[in-house]
Amino acid sequence: MVKSITANPQGQFSVEDYTVFTIMLGISTAIGVYFGFFQKKEKQTTEEYLLGGRKMKTFPIAISLIASQLSGVSIMSVPAEMYSYGAQYWIIAPTMILITMIINYIFVPVFYNNHITNCYQYLEDRFSPAVKKFVTFTYVLNIYLILPIFIFIPALAFSQVTGINIHLINGIVCGVCIFYTMLGGIKAVVWTDVVQGMIMFVSCFLVVVIGVAKIGGLSEVFERAAAGNRLEIFDMTLDSTTRQTFWTASVGNLFLWTGYLGLSQSCVQRIVSVPSMSHARAALWIFCAGFIIIMTLNCFTGIVIFAKYFDCDPIKVGLVQKADKLLPFFVQDVVGNLKGMPGVFISCVFSAGLSTMSANLNSLAGLIYEDYIRPFKLFKHTDASANTTMKLLILVSGVYCIAMGLIVEQFGHILQMVVTIASVTQGAVMGIFCLGMLWPWANKHGALWGSASSVIVMSWIIAGAQVAISNKELTYPPKPTSVDGCYEYGFNVTADEFPTLVAPQDEAEFSIYKMSFVWYSTVGTFMVFLVGIPVSYFTGSQDMRNFRPKLISPLVHWLLPEEALQNDFSMKAENEKLNPEPIKEWTFTANEAEKYKDRHGVIEQTL
C-alpha cells in the first residue's frame, strides 16, 4: 500500500476549524460594532472617523501598518515565490530599514510641518491643483484595480482547503469587512488590524515550526533547499531581464515599497493620526522590525514547503493547480491532523486580506468624498452628511471588489500581477513627491509633465510586456523541481515527462519589454525626474521669492537660497491684507486656524 503525499487531503476542514474561522470574523465584526455604536456617545466628527481625532496610539498604528502591508498576497504568494524562484526575494526584508529611514527623514517631516493629512494635498500646496487631481486620479484608479486581488487571495486559500465555492466565501468575508469598516472608521480598522496581525504572526510561526519538525529539523530543511538551489540570495547579475536578483530585490523594491508605504493615502492617513512626528517615527520603526520578522517568516515558509516536497512536486503531479495554492495545501498536510490549526491558518490569510482591504476602503472613501463629491456641493456639508456619504462609498467599493473576483480568478502568478498593476502609477507617485521635496526649483509644469510622462511610458512598457508574455516571448521559468520520489506516493511519473523550461533566448538587441517587472517602479520614478527637471527649467524654475521652505524636506534645505530660507521667518501682513485668501475647508484638518496661519507664513521654527 502506497502512502499518501498528504495525510489530510483537501476538503477535510473540521468543525473546530470552522469555529476558529468564525470566531475571527466575529471579533472583527464586534470591534466595528463597538467603535460604531458604543465607544463614544457624542456625534462622530469626520476627523474622528478618518483620523481617530489624531490621538491614536503608536503601537496599534505600527501593528496596523504591518498587518495592512502584509496582505493575503504576501502570505500566499511570497512562499510561492520562494518555492518557485528561490530565496532572492528575501532581500526586501533588510531593505526595509533603508526604506523606513527615507520615509522618516524625507517624507514625514514635510507632512507634519505642513499639517498634511491628505497626502495629495501636498501636491496642490507645492505645485498646483491640476497636479493634485492628476495624481489623486491615478491613485484611485490603481487601488480599484488592485484591491479585488487583496481580498480574493484569502478566498482562494479557503477554497483550496474546504472545497467551498470561492465566490461564495469571497462575498461573505467582504461583507464582514465592509460592515466593520463602515461602522467604526479608522479606529475599527486599526484595532481589527492589531487582532489580525497577532493571528497572522502566531499562525505563520506555528505552521513553520510544525513543518520543520515533520521534515526532520532545520539542518534537513536547509540541506534539501541547498540541493535544490533555493538558498541563493546574492545573485549579483546585472541583467535587467532576470526576474529576481540582488539588485531587483533591493533597489527595485526600494522604490516600489517606499512609494507604497510612505506615499499612499491609506498609510499616510495612519502615520499622521498619532499626536506628533516623534510618535510617527517610532511607529514606523516598530513597523520596520515587525515587517522584517514577518517577511522573513513568510520567505522561510516557502523554503520549508520546498524541503517538504523536494522529491515530489505537487504541481507537477496535479495535486495543486499553481504555486499560489501551495501554502494551503502544505498547511492541510502538516497541521491538518491538529484540530483547529487549519482554521487558524485560514484566519491568518483572511486577516491579512481584511486588514489591507479595510485600510484602503477607509482612505479611499475619504479621498473620493473630499476630491470628487464635496467640490460639486450637491448637498450641505456637515460631519453627518460626510460620514454617511463615505459609508456609502465603502459599501459600493466593497460590492465592486466582490464582483471583480470573477476576473481575478483568471490571473496567473499573483505577486507578479500585483506588482505589475501597481507599477503603472507607483513610479509616477514616488517620482513627483521626490521631485517636490528634493528639488526646490521644480515647478508645476515639470511636475505635471513628468508624472504624466511616467504613467504613459510605463503603460506602454507594461502593455508591451503583457503582449510578449501572451506570445511566449517573455517567460520566467521556475527553478527545477523533482518528481523522483513520486512513485512512493503512487504516481507513475518520471522527470522526462516534465522537460526543464528555459527562458527564450533572443539574439536580437535588448528589448525594454523584457525588463523584469520589479524594475517598473524604479523606471517610472526616474522618468519623472528626466522629464520634470528640464521642463521646469525651460518653463521658468520655481520662484524662490515666495517659496515656503517647509514644502521641501529638511535634508535639502541647504540647497535653498538665503531669500527662500527667510520666508519662514518673515511676516507679510500688509500683502495679506491687500490679497486676502479665503480659509480653505478641510475635511481632514482639526485646527483650521493653525493650518491657515501656516499657509500664510506665520513665524514658526521648523525642523
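Small disclaimer: the values here were computed from a predicted structure and weren't measured. (Residues numbered from 1 in each chain as written. Predicted model: local features only at pLDDT ≥ 70, side-chain atom pairs only at ≥ 80, totals over all residues. Heavy atoms only, no water.)

Observations regarding the overall build of the protein
Inclusion rule: Only DSSP runs of H or I covering at least 4 residues are called helices, and only runs of E covering at least 2 are called strands; the numbering of each starts at the N terminus. Exposed residues in this analysis have more than 50% of their type's maximum accessible area, buried residues have under 20%, and partly exposed residues fall in between, with area computed by a 1.4 Å probe over protein chains only. Between two residues, a contact is recorded if the distance between any of their heavy atoms is within 4.5 Å. Accessibility throughout is a Shrake-Rupley quantity obtained with a 1.4 Å probe, and a residue counts as covered only by protein chains that appear here.
Scanning the protein from N- to C-terminus turns up 21 helices and 0 strands. For the protein, the proportion of its 607 residues judged to be buried stands at 59%. The contacts in the protein between residues at least 6 apart in sequence include a share of 86% that link residues at least 24 apart. Of the roughly 24,400 Å² of accessible surface on the protein, a fraction of 66% belongs to carbon and sulfur atoms.

Quick notes on the packing of helix H10 (residues 246-262) against helix H18 (residues 520-538)
Rules: Axis angles are defined between N-to-C directions and span 0 to 180 degrees, where every axis is a line fitted to C-alpha atoms and, for a helix, only to the segment in contact. Crossing handedness follows the turn of the near helix against the far one: under a right angle anticlockwise gives a left-handed crossing, and clockwise gives a right-handed one. The classification used treats Ala, Val, Leu, Ile, Met, Phe, Trp, Tyr, Cys and Pro as nonpolar, Asp, Glu, Lys and Arg as charged, and all other residues, Gly among them, as polar.
Two elements in contact, H10 and H18, have axes separated by 7 Å at closest approach and are oriented at 65 degrees. For the pair H10 and H18, the sense of crossing is left-handed. Across from Val251, Gly252, Phe255 and Leu256 in H10, the residues of H18 making contact are Ser521, Thr522, Thr525 and Phe526. Taken together, the residues of the contact of H10 with H18 sort by class into 4 nonpolar, 4 polar and no charged.

Description of the packing of helix H9 (residues 218-227) against helix H12 (residues 277-308)
What counts, and what does not: Angles below 35 degrees are treated as roughly parallel, those above 145 as roughly antiparallel, those between 65 and 115 as roughly perpendicular, and all remaining angles as oblique.
Taken N-terminus to C-terminus, the directions of H9 and H12 make an angle of 80 degrees; their axes are 9 Å apart at the nearest point. If you check the angle between H9 and H12, you find them roughly perpendicular. Each of Leu218, Val221, Phe222, Arg224 and Ala225 in H9 lies in contact with H12, whose residues at this interface are Phe300, Ile303, Val304, Phe306, Ala307 and Lys308. For the contact of H9 with H12, the class distribution of residues is 9 nonpolar, no polar and 2 charged.

Some details on the nonpolar core
The condition that has to hold: The criterion is simple. A nonpolar core is a set of buried Ala, Val, Leu, Ile, Met, Phe, Trp, Tyr and Cys residues joined through side-chain atoms within 4.5 Å.
Phe21, Phe107, Phe111, Tyr122, Leu123, Trp257 and Phe433 are the most contacted members of the largest nonpolar core, which totals 143 residues. When neighbours within four sequence positions are excluded, Phe111 is seen to be in contact with Ile116, Cys119, Tyr122, Gly262, Leu263, Val268, Val272, Phe433 and Met437. Among the nonpolar cores identified, the runner-up in size contains 13 residues, and Ile461, Ile462, Tyr476 and Val518 belong to it.

Describing the confidence of the model for the protein
Put simply, the rule reads: Confidence per residue, as judged by the predictor, is encoded in pLDDT with a range of 0 to 100.
This prediction gives the protein a mean pLDDT of 76; 78% of its residues lie at or above 70. In this model, residues 7-11 is a region of pLDDT below 50 whose contacts with residues beyond four sequence positions or in other chains number 11 contacts. Scored below 50 in pLDDT, residues 570-607 shows 68 contacts in the model against residues more than four places distant or in partner chains.

Describing a nonpolar patch on the surface
Condition: The residues that make up patches have over 30% relative accessible area and no salt bridge, and they are joined within 9 Å when like-charged or within 5 Å when they are Val, Leu, Ile, Met, Phe, Trp or Tyr. We count a salt bridge whenever a side-chain nitrogen from Lys or Arg sits within 4 Å of a carboxyl oxygen from Asp or Glu.
A cluster of nonpolar side chains, Ile97, Leu98, Met101, Tyr105, Trp285 and Leu555, forms an exposed patch at the surface whose accessible area comes to about 530 Å². Looking at the nonpolar patch element by element, the count peaks at 4 residues for helix H5 (residues 92-113). Note that Trp285 resides in helix H12.

Observations regarding the pattern of salt bridges
Summed over all chains, the structure comprises 3 salt bridges. Two residues, Lys132 and Glu124, come together in a salt bridge whose shortest N-O distance is 3.9 Å. By relative accessible area, Lys132 is classed as buried at 8%. Classification of Glu124 as buried rests on a relative accessible area of 19%. We note a salt bridge from Arg224 to Glu220, for which the minimum N-O separation is 2.8 Å. Here Arg224 and its partner Glu220 are both found in helix H9, 4 residues apart, which amounts to about one turn of the helix.

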